[in-house]
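Each chain is listed here by its residues.
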Amino acid sequence: MITPFRVAVLTCSDRCSRGESEDRSGPALVQFVREKWSAEVLAAACLPDDADLICRQILTWAEGAPPPDLILTTGGTGLGPRDVTPEATRRILDRPWPAILELARLRCLPQTPLAYLSRGEAGVVRRSLVINLPGSPRGALETLAAIADVIPHAIAMLHGEGHEGHAHGNPR
């Protein structure tokens, strides 16, 4: 398994990008990945809710040297007219992975049925795993925590490592 793996975090928010609101979700995710996985955070950025800018940033990171193993986005996943992060992500996915966010919603359901309001996308862009998370710090952290046990193995698989050490999806 690749340890520590490399992460980039993108906050998608008109208000935060204009300095009208403090970005609390992006820094919370950075702290989580450092504490949970001892991840190396390659980059963190905040952009407005603009699909072209979001696509460009994810692609820039995914095509970088070295690229992040994991790109997390936070924000822009709701039902508002400016919530375009899933559409932007969908445009550039090489291989979609919808099941990971289905798992997150299922695991988050006991805490909040609002998990099903998130329209996030997930999948592979080049050799980076991209996952859209909700924009609130609580929603972003709960969603990521709900799938945190799956992410390291997914990243290992993305880098060509097999299923050794795993039986029926459960770590030994």
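Residues numbered from 1 in each chain as written. Predicted model: local features only at pLDDT ≥ 70, side-chain atom pairs only at ≥ 80, totals over all residues. Heavy atoms only, no water.

Some thoughts on the packing of helix α5 (residues 98-108) against helix α6 (residues 137-147)
- For the pair α5 and α6, interaxial distance at closest approach is 8 Å and the crossing angle is 110°. Classified by the angle their axes make, α5 and α6 are roughly perpendicular. On α6, the residues touching I100, L101, L103, A104, R107 and C108 of α5 are E142, T143, A146 and I147.
- Considered class by class, the residues forming the contact of α5 with α6 number seven nonpolar, one polar and two charged. (Axes fitted to C-alpha atoms, helices over the stretch in contact; angles between N-to-C directions. Helix = DSSP H or I, 4+ residues; strand = E, 2+ residues; numbered from the N terminus. Parallel < 35°, antiparallel > 145°, perpendicular 65-115°, else oblique. Contact = heavy atoms within 4.5 Å. Nonpolar A, V, L, I, M, F, W, Y, C, P; charged D, E, K, R; others polar.)

Quick notes on the sheet that holds strand β2 (residues 40-47)
- Strand order across the open sheet formed by six strands is β2-β1-β3-β6-β5-β4, with mixed pairing between neighbours. If you trace the sheet from one side to the other, it starts and ends with β2 and β4 (95-96), each paired once.
- Alignment of strand β1 (residues 6-12) against strand β3 (residues 70-74), held across five bridges, turns out to be parallel. From the neighbouring strand, V9 faces β3, where its bridge partner is L72.
- Of the strands in this sheet, β1, β3, β5 (122-125) and β6 (128-133) touch helix α4 (residues 85-92), which is tilted by about 160° from β6. (Pairing = 2+ DSSP bridges.)

Some thoughts on the side chain of R105
- With respect to the element layout, R105 can be found in helix α5.
- Look at R105: it is buried, it has no salt bridge, and the nearest opposite charge is E102 at 6.1 Å.
- Here R105 is in contact with A115, Y116, S118, R119 and G120, once residues within four sequence places are set aside. (Buried < 20%, exposed > 50% of the residue type's maximum accessible area, 1.4 Å probe, protein only. Lys, Arg positive; Asp, Glu negative; His and termini not counted. Salt bridge = Lys/Arg side-chain N within 4 Å of Asp/Glu carboxyl O.)

Notes on α5
- Among all positions of α5, only I100, L101, A104, R105 and C108 are buried. An end-on view of α5 places all buried positions within 135° of arc, on one side of the element.
- The inward-facing, buried residues of α5 contact β5, β6 and α6. (Arc of directions from axis to C-beta.)

Things to note about the packing of aromatic side chains
- Throughout the structure, instances matching the rule amount to two aromatic pairs.
- Ring centres 5.1 Å apart and planes at 45° place the aromatic pair F5 and W37 in the tilted group. With F5 in the segment before β1 and W37 in helix α2 (residues 25-37), this residue pair connects regions lying 32 residues apart in the sequence.
- Among the residues examined, F5 registers a relative accessible area of 2% and is labelled buried.
- For W37, a relative accessible area of 12% gives the class buried.
- Taken together, a centroid distance of 5.9 Å and an interplanar angle of 85° make the contact between F32 and W37 edge-to-face.
- Ring-pair connections join several aromatic residues into one group, and the members of that group are F5, F32 and W37. (Phe/Tyr/Trp six-rings, centres within 6.5 Å; stacked < 30°, edge-to-face > 60°.)

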